[in-house]
Amino acid sequence: MNNKISIAAITVGMFAAGSAFAQDAEIATWSGFRKGAASFTFDDGAPSHVSDAGPMFKKYGYKGTFNLVYNWNPNWSGFQGLADEGHEIASHSNSHGNNMSGEEASSKNNIKGKINQKYGIITVAYPNCNVPNESAVLQNYIVGRICNGSWQGMSDNMGKDGPSNWAKVPAIMTGSEGQLKSTNDFTGQMQKVVQSNGWVAFLTHGFQGKSNGSATYSPTDINAIDGALKWAQQNDKDIWVAPMGFVAMYIKERNASKAEASTSGGNITVKLTHNIKDNISDYDYPLSLRVKYSGSTANVTQAGAKLESKIDGGYVYFDAVPNAGDIVIAGEGGSGPSPESSSSSVAESSSSKTAKSSSSRSNPWGRSSSSGTNPWEQFISSSSGPDAIEDIAFTNQHFSVYRSSDNYIVVGGAQGMPITVYNHMGQVVRVTRGLGFEQKVYSGAKGAYIVRVGNKTFKVSL
Ligand SMILES: [Zn+2]
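Per the secondary structure count, the chain includes nine helices and 25 strands. Taking all 462 residues of the chain together, 48% fall into the buried category. Sequence separation of 24 or more characterises 66% of the internal contacts of the chain that already satisfy a separation of 6 or more.

Put into structure tokens, the structure is as follows:
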């Protein structure tokens, strides 16, 4: 309590010009203020996970968790491709032995050597459903996944705070040997967690009639999952479909974070912080927040980078990363948080697609000394040659930048990273921040654009 008071006092001091007062910033139970969460997990590294599940998830815009057995030498490049699209790749041991055969740490490191992804290897699914050394699990992973909770005397569905033991996260088995076989079986479980504000996870191996490699146990009708994802998409305002590790990060961050808001001079400043300490995760998954707000427009930024926001029912809604700097909510015409020049900063509605010509915005992050330089010159000098790909500008293990079929510039897997789009004149046409996967960041006139994500620069043509 003393800490909290002293932080508030400092905040008041910093904004002494106005009459600062504390107000509530509310962290959503689930991302996007949805009512429940569902995670689809897949074991044993089946070829069909790459060839069939990946495209199916892509069709609906959702991501799953794929648990690989290192010694079974799965299609590493195929699974790296899934990681690049924002799916979670996780451990299912080295050898699939009982009780993990002591492979808690070694399988994590082995798979980490094969798969690069933003959050690392943070979850494990136990082979044969039996729980290994729990402390070894929790030293290496934020989730240890069992099979059906009911086998362990637990419920299959979890509450909003997850399992009672993070080394025993339940997932309901699907397929011929499992409880869930039809689309209705899946949607029934998702409807339950929407009603209870809880979380449900599913455990699938291979698919009926597909190429399953070693994943021969309990094949599932892939059409049942297709129907489940379709239902989820139709009910996306209520159900959050996300990989197991991401949901676990969200829960841990939500329960550990403070969101303290203060008002001064027409701006609201929110400090979103936690002090979770372990060696496994930075716990930097974006949390969804809302703050009471009476304005009709808002410019929301974190550490100077623009966040997507919406105003609804007397609140402003946005996603922000804990411990990533002050969040500032400025009304229309407010001075905004531009670190360079408040006089050149004009609040811009999130729907605005108008080009901005202010050159002072070309380096809105204050991270490099390139302010004022033409980003095209920078791009040409830093690129290895004129062979930049047109449609798929760049894809690596961390994020992707490309043009969608409906002609948007799409950035994926860049959570928390500043994103700037420049037109062919070098003018800034969009400033935002990576929120989730595969967000549409810009659509506009035909031509070439430069997209800067963090300190990397890419070229995309619309
Ligand atoms: Zn298995």
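Here the focus is the sheet that holds strand 25 (residues 456–461). Two modes of strand pairing occur in sheets, parallel and antiparallel, and in both the strands are linked by backbone hydrogen bonds. As summarised here, the arrangement of the four strands in space is 22-21-24-25, forming an open sheet in which the pairing is antiparallel. Looking at the sheet topology across the chains shown, the edges are occupied by strand 22 (428–433) and strand 25. Shown here is a sheet whose adjacent strand axes are inclined to one another by a mean of 20°, direction ignored. Bridge count for strand 21 (residues 418–422) against strand 22 is five bridges, and the pairing is antiparallel.

Moving on to helix 4 (residues 104–112). For an α-helix, 3.6 residues make a turn, and residues three or four places apart therefore share a direction. Within the sequence span of helix 4, burial applies to Glu-104, Ser-107, Lys-108 and Ile-111. Buried residues in helix 4, looked at end-on, bunch into an arc of 105°, giving them a common side. Its buried side turned inward, helix 4 meets strand 3 (65–68), strand 4 (88–91), strand 5 (123–125) and helix 5 (134–140).

What follows covers the confidence of the model for the chain. Looking at the chain as a whole, its pLDDT mean stands at 82, while 79% of the residues score no less than 70. Across residues 1–21, confidence stays below pLDDT 50; counting only partners more than four residues off in sequence or on other chains, it has 21 contacts. Note that residues 333–397 has pLDDT below 50 and, in this model, 106 contacts with residues that lie over four places away or in other chains.

A few words on helix 7 (residues 222–234). Compared with the 18 Å implied by 1.5 Å per residue over 13 residues, the 19 Å span of helix 7 between its first and last C-alpha is a close match. Every buried residue belonging to helix 7 is among Ala-224, Ile-225, Ala-228, Leu-229 and Ala-232, and all of these are buried. Relative to the axis of helix 7, the buried residues are bounded by an arc of 135° and lie together on one face. Along its buried surface, helix 7 packs onto strand 2 (36–43), helix 2 (47–60), helix 6 (183–196), strand 8 (199–204) and strand 9 (239–241).

For the rest of this paragraph, the subject is unusual backbone geometry. Even without being a glycine, Asn-128 presents a positive backbone phi close to 60°. Along the chain, Asn-128 falls in the loop between strand 5 and helix 5. Under the C-beta neighbour-count criterion, Asn-128 is labelled exposed, with 12 such atoms within 10 Å. Despite not being glycine, Cys-129 shows a phi value in the positive range, around 70°. Here Cys-129 is to be found in the loop between strand 5 and helix 5. Among the residues examined, Cys-129 registers 17 C-beta atoms within 10 Å and is labelled partly exposed.

What counts, and where the lines are drawn
Residues numbered from 1 in each chain as written. Predicted model: local features only at pLDDT ≥ 70, side-chain atom pairs only at ≥ 80, totals over all residues. Helix = DSSP H or I, 4+ residues; strand = E, 2+ residues; numbered from the N terminus. Buried ≥ 20, exposed ≤ 12 C-beta atoms within 10 Å, placed from the backbone. Contact = placed C-beta atoms within 7 Å. Pairing = 2+ DSSP bridges. Axes fitted to C-alpha atoms, helices over the stretch in contact; angles between N-to-C directions. Arc of directions from axis to C-beta. pLDDT = per-residue confidence, 0-100. Expected span 1.5 Å × (residues − 1).

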